[in-house]
Amino acid sequence: MERALKALANATRLRILHAIALQPSATVSEICERIGMKPQAVSNQLQRLANSGIVSGERDGQNMRYRLVD
């Protein structure tokens, strides 16, 4: 629980979560487009969210699709 709360205590990660909530199963490119950040920065933050159990990624060809974990 503490790990998840620490992950949510970041404005960038909250913006990413909001983008995923608006478009479930979003790719890194789609998230970048929505929030105006570079792919490397978004990927880094998505990894932190995945490590905290807040999002999960699923491979779709060459892309990863991220969704919120229930």
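Predicted model only: the values in this text are computed from it and were never measured.

**Notes on the pattern of salt bridges**
- Scanning the model with the defined rule gives two salt bridges in all.
- A salt bridge links R65 to E30, with the nearest nitrogen and oxygen atoms 3.5 Å apart. A residue pair is termed long-range when its members are at least 10 positions apart, and R65 in strand β3 (residues 63–68) and E30 in helix α3 (residues 28–35) qualify at 35 residues.
- Residue E30 is classed as partly exposed on the basis of its relative accessible area of 26%.
- The closest approach of N and O atoms between D60 and R65, which form a salt bridge, is 3.0 Å.
- Look at R65 and you get partly exposed, because its relative accessible area is 24%.
- Members of the salt-bridge network, linked through shared partners, are E30, D60 and R65.

**Remarks on the side chain of T27**
- Among the structural elements, T27 can be located in strand β1 (residues 26–27).
- Judged by its relative accessible area of 6%, T27 is buried.
- Every residue in contact with T27, bar those within four places of it in the chain, is listed here: N63, M64 and R65.

**Notes on the pairing of β3**
- Strand direction decides the pairing type here: β1 and β3, joined by two bridges, are antiparallel. Following the sheet pairing, T27 is matched in β3 by R65.
- Here six bridges tie strand β2 (residues 55–60) to β3, and the two strands are oriented antiparallel to one another. Paired with D60 across the bridge in β3 is N63.
- Counting the residues that bridge the hairpin from β2 to β3 gives two residues, and of these G61 lies at a positive phi of roughly 70°.

How each quantity is defined
- All residue numbers here refer to positions counted from 1 along the written sequence of the relevant chain.
- The predicted nature of this model means local features are confined to residues of pLDDT at least 70 and side-chain atom pairs, given and counted, to a pLDDT of 80 or more, with totals for whole chains, interfaces and linings taken over all residues.
- To get the side-chain values, all heavy atoms of the structure are used, and hydrogens and water are removed first.
- In the sections that follow, a salt bridge refers to a side-chain nitrogen of Lys or Arg positioned within 4 Å of a carboxyl oxygen of Asp or Glu.
- Labels follow the DSSP assignment, with helices taken as runs of H or I lasting at least four residues and strands as runs of E lasting at least two, numbered in each case from the N terminus.
- For every residue, the accessible area obtained with a 1.4 Å probe (protein chains only) is divided by the maximum for its type, and the residue is called buried under 20%, exposed over 50%, and partly exposed between those limits.
- Pairs of residues are marked as contacts when any of their non-hydrogen atoms sit within 4.5 Å.
- In this analysis, strands are considered paired if DSSP registers two or more bridges between them.

Purely geometric stuff here, so don't read any function into it on its own.
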